[in-house]
Amino acid sequence: MAPRQPVVPNGDGTYSLNLREEERALIAAIVPDLRSLLADDPNDEMLTRLFPTARPDDAEAEAEYRDMVRDELVSKRLARLDIVAELAEATALDQEHLAAWMGAVNDIRLVLGTRLEVTEDDEFEETDEADAESVARSAYWYLGWLLEHLVEASASEL
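Cut-off values and rules
All chains use their own residue numbering, which begins from 1 and follows the written sequence. Note on the predicted model: pLDDT of at least 70 is required for a residue's local features to be given, and 80 or more for side-chain atom pairs to be given and counted; whole-chain, interface and lining totals, by contrast, use all residues. Remark: hydrogens and water are excluded; side-chain values derive from all non-hydrogen atoms of the structure. Stacked, tilted and edge-to-face pairs are distinguished by plane angle, under 30 degrees for stacked and over 60 for edge-to-face with tilted covering the rest, among Phe, Tyr and Trp rings (Trp via its six-membered ring) whose centres lie within 6.5 Å. Sitting over a ring, as applied to charges here, requires NZ of Lys or CZ of Arg to be within 6 Å of the ring centre and within 35 degrees of the ring normal. The criterion for strand pairing is that DSSP finds at least two bridges linking the strands in question. In DSSP terms, a helix is any run of H or I states spanning at least four residues, a strand is any run of E spanning at least two, and both are numbered starting from the N terminus.

(A) Structural detail: the packing of aromatic side chains. Summed over the entire model, instances satisfying the criterion amount to two aromatic pairs. Ring geometry for tyrosine 140 versus tryptophan 141: centroids 5.4 Å apart, planes at 80°, classification edge-to-face. Across the ring face of phenylalanine 51, the terminal group of arginine 70 is positioned such that the distance to the ring centre comes to 3.8 Å. Above the ring of phenylalanine 51, the side-chain terminus of arginine 77 is found at 4.9 Å from the ring centroid.

(B) Main features of the pairing of strand S2 (residues 14-17). Of the strand pairs in this sheet, strand S1 (residues 7-9) and S2 are connected by three bridges, and their pairing is antiparallel. When the sheet's bridge partners are listed, proline 9 is paired in S2 with tyrosine 15. Sheet analysis places S2 next to strand S3 (residues 92-94), joined by three bridges and oriented antiparallel. Along S3, the bridge assignment pairs threonine 14 with aspartate 94.

Take it as geometry only, folks, not as evidence of what the structure does.
As structure tokens, then:
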């Protein structure tokens, strides 16, 4: 039996989105949380991986860079989250929507990874559904799997 493919290119610039109900529910639940965090406090430490320091050796240049690009980056991320929220139940995506899904899933995963203090050395472990961190860690690994499939589907059309 072939492994399940959550995103499949249709060969015409569109993609079938084959998510299970619980996967759609996860996305629908997480998107508003990240949206609120970005909209309410884009300087929250949980967003560190979304806005890495560009000039760690020069605080003045770093502040200038942030002043120049931060609002635009926040706006783009919010727009992607809006698209994903709108299309949480969709079964087909066009290329623009697929790109929004890739960006949003990556953003969610980065923030969740920051919260969980994930490192490159972390490995997936079976989870205890009663443990909130364990459930969050499972969501993190699931989002990585989904992101991999979103990227593969997008790359297949190149």
